[in-house]
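Survey of secondary and tertiary structure
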Amino acid sequence: MDLIPDINISEFDYNLPQHRIAQFPLPKRDESKLLVYKNQRISNYTFSELSQILSKDGLILFNETKVIQARLGFAKETGAAIEIFCLEPCSPTREIQQAFAQTSGVVWKCLVGNSKKWKSGKLSLPFEFQNKTSHLFAERIEQLAEYSLIRFDWEPDGLIFSEVLSQTGNVPLPPYMTRDAIDSDKERYQTIYA
């Protein structure tokens, strides 16, 4: 018995004009729009009205995941910009919390922007930590069909990888947002439960 009907992905294509895409969140989160589908009707609300919409026996699921600053901007000595987007850890552990706690080299699955400009060699990204110049190094150890395996090392060794990402990375905004990440995105791009 086939429970999932055939889906034609083109049925989900639609035109969304760029001016309809919010580039910045509202100052007050609960003023954001909330689209409600109930009894085959679509209604517009705001999140501040959520308590009026939910039934007493309703189920609420909270998203506690946190967006990490996983978008790293390197520059080759030639000036070519290379962007590395960390997807998931591979070595020495695949468990995310343990990977963030590493104090020496780690290998992650990554997407690489401008990959053709980075044939080989190590990339270096300087950053300030405790009033000292530190460095994050990236080396592609394997190119696979959908992603690259990137080894990250850093100086000084005592830093944990989550601190390194916090100092060097940017919030990975979705591609439909046509702006660079700013400092306030570090907090505002998270859910309030993260």
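My aim in this report is to walk through the structure given alongside it, one point at a time.

Here is what the cut-offs are and how they apply
For every chain, the first residue of the written sequence is number 1, and numbering continues from 1 onward in sequence order. Since the coordinates come from a predicted model, pLDDT governs what is reported: local features require at least 70, and pairs of side-chain atoms require 80 or more to be given and counted, while whole-chain, interface and lining totals use all residues. Computation of side-chain values covers all heavy atoms of the structure but excludes hydrogens and water. To qualify as a helix, a DSSP run of H or I must reach at least 4 residues; to qualify as a strand, a run of E must reach at least 2; elements of each kind are numbered from the N terminus. Our radius of gyration is a C-alpha quantity, and the globule rule it is checked against amounts to 2.2 Å times the number of residues to the power 0.38. Classification of residues uses two cut-offs on accessible area relative to the type maximum, computed with a 1.4 Å probe and protein chains only: under 20% is buried, over 50% is exposed, and between them is partly exposed. Residues are treated as being in contact if the distance between any of their heavy atoms lies within 4.5 Å. Here Asp and Glu are counted as negative and Lys and Arg as positive; His is not counted, and neither are the chain ends. Charged groups are reduced to one reference atom each: NZ for lysine, CZ for arginine, CG for aspartic acid, CD for glutamic acid. This arc corresponds to the set of directions leading from the helix axis out to the C-beta atoms. Any pair of Phe, Tyr and Trp rings, taking the six-membered ring for Trp, is counted once the centres come within 6.5 Å. Such a pair is stacked with planes under 30 degrees apart, edge-to-face with planes over 60 apart, and tilted for the rest. Comment: the charge-over-ring label is applied if NZ (Lys) or CZ (Arg) is within 6 Å of the ring centre and within 35 degrees of the ring normal. Salt bridge, as used here, is a side-chain nitrogen of Lys or Arg placed within 4 Å of a carboxyl oxygen of Asp or Glu.

A count of helical and extended segments in the protein chain gives 4 helices and 8 strands. For the protein chain, the sequential pattern of α-helices and β-strands runs β-β-α-β-β-α-β-β-β-β-α-α. A globule of 194 residues ought to have a C-alpha radius of gyration of about 16 Å, yet the protein chain, at 21 Å, is considerably larger. The C-alpha extent of the protein chain, read off along each of the three principal axes, is 60 × 40 × 40 Å. Taken over 194 residues, the protein chain has a buried fraction of 28%. The long-range share in the protein chain, meaning contacts at least 24 apart out of those at least 6 apart in sequence, stands at 53%. Where the 22 positive side-chain charges of the protein chain centre and where its 25 negative ones centre are 4 Å apart.

Along helix H3 (residues 161–168), the residues classified as buried are Phe161, Val164, Leu165 and Thr168. Each buried residue of H3 sits inside an arc of 95° when the element is viewed along its axis, so together they form one side.

Tallying each qualifying case throughout the model produces 4 aromatic pairs. Feature note: the residues Phe100, Trp108, Phe152, Trp154 and Phe161 constitute an aromatic cluster, connected by ring pairs. One residue, arginine 179, lies across the ring of phenylalanine 24, its end atom 4.0 Å from the ring centre.

Moving on to the pattern of salt bridges. The tally for this structure, following the rule as stated, stands at 6 salt bridges. Among the salt bridges present, the one from arginine 151 reaches aspartate 153, with a minimum N-O distance of 3.2 Å. For arginine 151, a relative accessible area of 32% puts it in the partly exposed group. Aspartate 153 gets classed as buried once you look at its relative accessible area, which sits at 18%. Aspartate 185 is paired through a salt bridge with arginine 179; the nearest N and O atoms lie 2.8 Å apart. One exposure class covers both aspartate 185 and arginine 179, and it is buried. Linked through salt bridges whose partners overlap, the residues forming this network are Glu88, Arg94 and Lys109.

This part takes up unusual backbone geometry. In the segment running from serine 91 into proline 92, the intervening peptide bond is cis, with an omega of 5°. Considering the arrangement of structural elements, one finds proline 92 in the loop between strand E4 (81–91) and helix H2 (96–100). Phi angles above zero are rare outside glycine, and asparagine 39 is one such case at about 55°. Within the secondary structure, asparagine 39 sits in the loop between strand E1 (33–38) and strand E2 (41–46).

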